[in-house]
Amino acid sequence: MSSKGIRDRVAVVGMGCTRFGEHWASSAEDMLVDAAGEVFETTPVARDDVDAYWLGTLGSGQSGLTLSKALSLDYKPVSRVENYCATGSEAFRNACYAVASGAYDRVMAIGVEKLKDSGFSGLLRADPPGDGTAPELSLTAPAAFSLLDPAYCARYSVDPADMRSAMTHVAWKNHDNGTRNPKAQFRSGVTKEKIERAPKVAGRLGVFDCSGVSDGAAAALIVRAEDAFEYTDRPMFVKGLALAAGPALGASDSEYDYTTFPEVVRSARDAFAQAGVTDPRHEISFAEVHDCFTPTELVLMEDFGFAERGQAWKDILDGAFELSGRLPVNPDGGLKSFGHPVGASGLRMLYEVWLQFRGAAGERQLADPRLALTHNLGGRPGSCVSFVSVVGSERG
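Given the structure is predicted, the values throughout are model-derived calculations rather than measurements.

**Overview of the overall build of the chain**
Here is step 1: Of regular secondary structure, the chain possesses 13 helices and eleven strands.
Here is step 2: A compact globule built from 396 residues would reach a C-alpha radius of gyration of about 21 Å, and the chain, at 20 Å, matches this within 12%.
Here is step 3: Considering only C-alpha atoms, the chain reaches an extent of 55 × 45 × 45 Å along its principal axes.
Here is step 4: The buried share of the chain, taken over its 396 residues, is 61%.
Here is step 5: For the chain, long-range pairs separated by at least 24 residues make up 79% of all intrachain contacts whose partners lie at least 6 apart in sequence.
Here is step 6: For the chain, the accessible surface area stands at approximately 15,200 Å², while carbon and sulfur atoms represent 49% of it.
Here is step 7: Taken as two groups, the 40 positive and 52 negative side-chain charges of the chain have centres that lie 1 Å from each other.

Rendered as structure tokens:
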């Protein structure tokens, strides 16, 4: 059973995004000001015209005061949310539902993370006390996701050399896309030979199989769909928003084989049903997905139905998900080129869709994109949350 959804009831009418990277001279507050500032500079909306704000951040601030102080807000409601790596998307989801409910006319979803100051990659968190039955929590994120590689090879009888080539191709593709994006952290292409020679991090995952560490912020202005053209000539309409949190059985589930993310399957199914998508492989124009590690993107292609089970590695090597392929994936460069400032990544993905729909993506511009998917995955295989959005350039 899917959610009832809010198809075509809300629209994005403005977006902003900082460059992602090492912002040693900027604070989280500075980046929030920059991301929100881009929205206000490009729409007929001022800071005080926004009725309410949703802030997504995992470790760069507590409470709504993080944003109200940065923007000097005049006693506006600010909700601070967190949902692992789907934190930015969670801010967007909550903001959209607030407008759809009729509670507010104009709201902003904004996400920020300042990872470089922490010295850590990925989630800035301490695992909560437990009963000791979750052994996967003792693994690093690279170690946990490295298990996807041998598990996939074993289940589908894929030669490890072919799997390695497919993983390499994912990294090469996303870095190549990032060379065309002025807001990406890493803008240099990487050869396949260099990717495969890189020092190993966990299992067969090398440095270039893992997303980087960066700082960044991104924001979206959301209004009722019927009012959208009062703000912009090219709104982005929300078709479906789905979030799934799994039972977190992890390594204790004897039936889980590390070749799929059940949470992704469920959230994608829900989002597609809300949006009226019955054939995602042919109806989705392009996708921004959570390529935290190269085998993650490969498995996601099958979980979304973009590839048949056991066949994604072939489709990847055939170029199906490149800019010129049948379904471009991560045209902006993905987490591989941007890094992953947790609170901002989901909104950064939507920012790329915003640019593509407006024909403003420069060298990576796709031909006539109509429907896009964005996706965040938080946690680890067998124990995660998954967010999927479907957004369109036209109101149905």
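**What about the pattern of salt bridges?**
Here is step 1: Throughout the structure, instances matching the rule amount to 26 salt bridges.
Here is step 2: Here Glu90 makes a salt bridge to Arg93, at a shortest N to O gap of 2.8 Å. One end of the pair, Glu90, and the other, Arg93, are both in helix H3 (residues 87-100), three residues apart, so they sit about a helical turn from each other.
Here is step 3: A salt bridge links Glu394 to Arg370, with the shortest nitrogen-to-oxygen separation between them at 3.7 Å. Here Glu394, found in the segment after strand E11 (383-392), pairs with Arg370, found in the loop between helix H13 (342-357) and strand E10 (371-380); they are 24 residues apart in sequence, far enough to count as distant.

**Concerning the UniProt feature "domain: Thiolase C-terminal" (unreviewed entry) in the chain**
Here is step 1: Here, UniProt's "domain: Thiolase C-terminal" (unreviewed entry) annotation points to residues 256-380.
Here is step 2: Overall, residues 256-380 shows 44% helix and 10% strand. The separation of its end C-alpha atoms is 13 Å.

**Describing the domain arrangement of the chain**
Here is step 1: When the domains of the chain are assigned, the result is domain 1 (10-120 + 215-236) and domain 2 (141-186 + 239-392).
Here is step 2: Taking only C-alpha atoms into account, the centre of domain 1 sits 23 Å from that of domain 2.
Here is step 3: Contact with domain 1, which involves 43 residues of that partner, is made by 32 residues of domain 2.
Here is step 4: Buried area between domain 1 and domain 2, summed over both chains or domains, comes out near 3,000 Å², and the portion from carbon and sulfur atoms is 70%.
Here is step 5: Put simply, domain 1 and domain 2 have two salt bridges between them.
Here is step 6: Where Arg358 meets Asp233, a salt bridge forms, and the shortest distance between an N and an O atom there is 3.7 Å.
Here is step 7: In this assembly, domain 1 and domain 2 are joined by ten residue pairs in polar contact (both at pLDDT 80 or more).
Here is step 8: Looking at which element gives the most residues to the side of domain 1 that touches domain 2, the answer is H3, with eight residues.

**Observations concerning H3**
Here is step 1: Between its terminal C-alpha atoms H3 stretches 20 Å, which fits the 20 Å expected from 14 residues at 1.5 Å a residue.
Here is step 2: Taking burial as the measure, the 14 residues of H3 include eleven buried ones, the bulk of the element.
Here is step 3: Of the residues making up H3, those classed as buried are Thr87, Gly88, Ser89, Glu90, Ala91, Phe92, Ala95, Cys96, Ala98, Val99 and Ala100.
Here is step 4: Looking at the residues trailing H3, positive phi occurs at Gly102, about 90°.

**As for the nonpolar core**
Here is step 1: Ranked by internal contacts, the top residues of the largest apolar core, which has 49 residues, are Phe261, Leu298, Met301, Phe304, Phe306, Phe321 and Leu373.
Here is step 2: Elements represented by at least two residues in this core include exactly helix H5 (148-156), helix H6 (160-178), helix H8 (262-275), helix H10 (294-303), helix H11 (312-317), E10 and E11.
Here is step 3: It is H8 that contributes the most residues to this core, five residues altogether.
Here is step 4: Not counting chain neighbours up to four residues away, the residues in contact with Leu373 comprise Phe272, Ile284, Phe286, Ala287, Glu288, Val289, Phe304, Phe306, Val388 and Ser389.
Here is step 5: By size, the runner-up hydrophobic cluster in this structure holds 42 residues, among which are Val12, Val107, Trp354 and Ala361.

**Some details on the sheet that holds E11**
Working definition: the strands of a sheet are paired by backbone hydrogen bonds and lie parallel or antiparallel to each other.
Here is step 1: The strand order across the open sheet built from nine strands is E3-E2-E4-E7-E1-E8-E11-E10-E9, with neighbouring strands paired in mixed fashion. The open sheet has two edge strands with one neighbour each: strand E3 (78-81) and strand E9 (286-288). On average, each strand axis in the sheet is inclined to that of its neighbour by 25°, with strand direction left out of account.
Here is step 2: In this sheet, strand E7 (residues 215-224) lies alongside strand E4 (residues 106-114) in antiparallel orientation, the contact comprising nine bridges. Each bridged residue has a counterpart across the sheet, and for Lys114 the counterpart in E7 is Asp215.

**Examining the side chain of Asn181**
Here is step 1: Here Asn181 lies in the loop between H6 and helix H7 (192-197).
Here is step 2: Look at Asn181 and you get buried, because its relative accessible area is 3%.
Here is step 3: A distance of 3.0 Å separates a polar side-chain atom of Asn181 from the backbone nitrogen of Lys183.

**Quick look at the packing of aromatic side chains**
Here is step 1: A full pass over the atoms with the stated rule returns nine aromatic pairs.
Here is step 2: Residues Tyr256 and Tyr258 carry aromatic rings whose centres are separated by 4.7 Å and whose planes lie at 55° to one another, so their mutual orientation is tilted. Tyr258 shares its class with Tyr256; the two are buried.
Here is step 3: Ring pairing ties together the aromatic residues Phe145, Phe261 and Phe293, which thus form one cluster.
Here is step 4: Directly above the ring of Trp172 sits Lys192, whose terminal nitrogen or CZ lies 4.9 Å from the centroid.
Here is step 5: Looking at Arg348, its charged tip hangs above the ring of Phe338, at a distance of 4.7 Å from the centre.

Basis of the calculations
- Residues numbered from 1 in each chain as written.
- Predicted model: local features only at pLDDT ≥ 70, side-chain atom pairs only at ≥ 80, totals over all residues.
- Heavy atoms only, no water.
- Helix = DSSP H or I, 4+ residues; strand = E, 2+ residues; numbered from the N terminus.
- Rg over C-alpha atoms; globule rule 2.2 N^0.38 Å.
- Buried < 20%, exposed > 50% of the residue type's maximum accessible area, 1.4 Å probe, protein only.
- Contact = heavy atoms within 4.5 Å.
- Areas by Shrake-Rupley, 256 points an atom, 1.4 Å probe, with all protein chains shown as cover.
- Lys, Arg positive; Asp, Glu negative; His and termini not counted.
- Charge placed at Lys NZ, Arg CZ, Asp CG, Glu CD.
- Salt bridge = Lys/Arg side-chain N within 4 Å of Asp/Glu carboxyl O.
- UniProt positions renumbered as here; feature names shortened; annotations may be inferred.
- Domains from an automatic or database assignment.
- Buried area = accessible area lost by both parts, 1.4 Å probe.
- Polar contact = N/O pair within 3.5 Å; in protein donor to acceptor, adjacent residues only side chain to side chain.
- Expected span 1.5 Å × (residues − 1).
- Core = buried A, V, L, I, M, F, W, Y, C linked by side-chain atoms within 4.5 Å.
- Pairing = 2+ DSSP bridges.
- Axes fitted to C-alpha atoms, helices over the stretch in contact; angles between N-to-C directions.
- Phe/Tyr/Trp six-rings, centres within 6.5 Å; stacked < 30°, edge-to-face > 60°.
- Lys NZ or Arg CZ within 6 Å of the ring centre and 35° of its normal.

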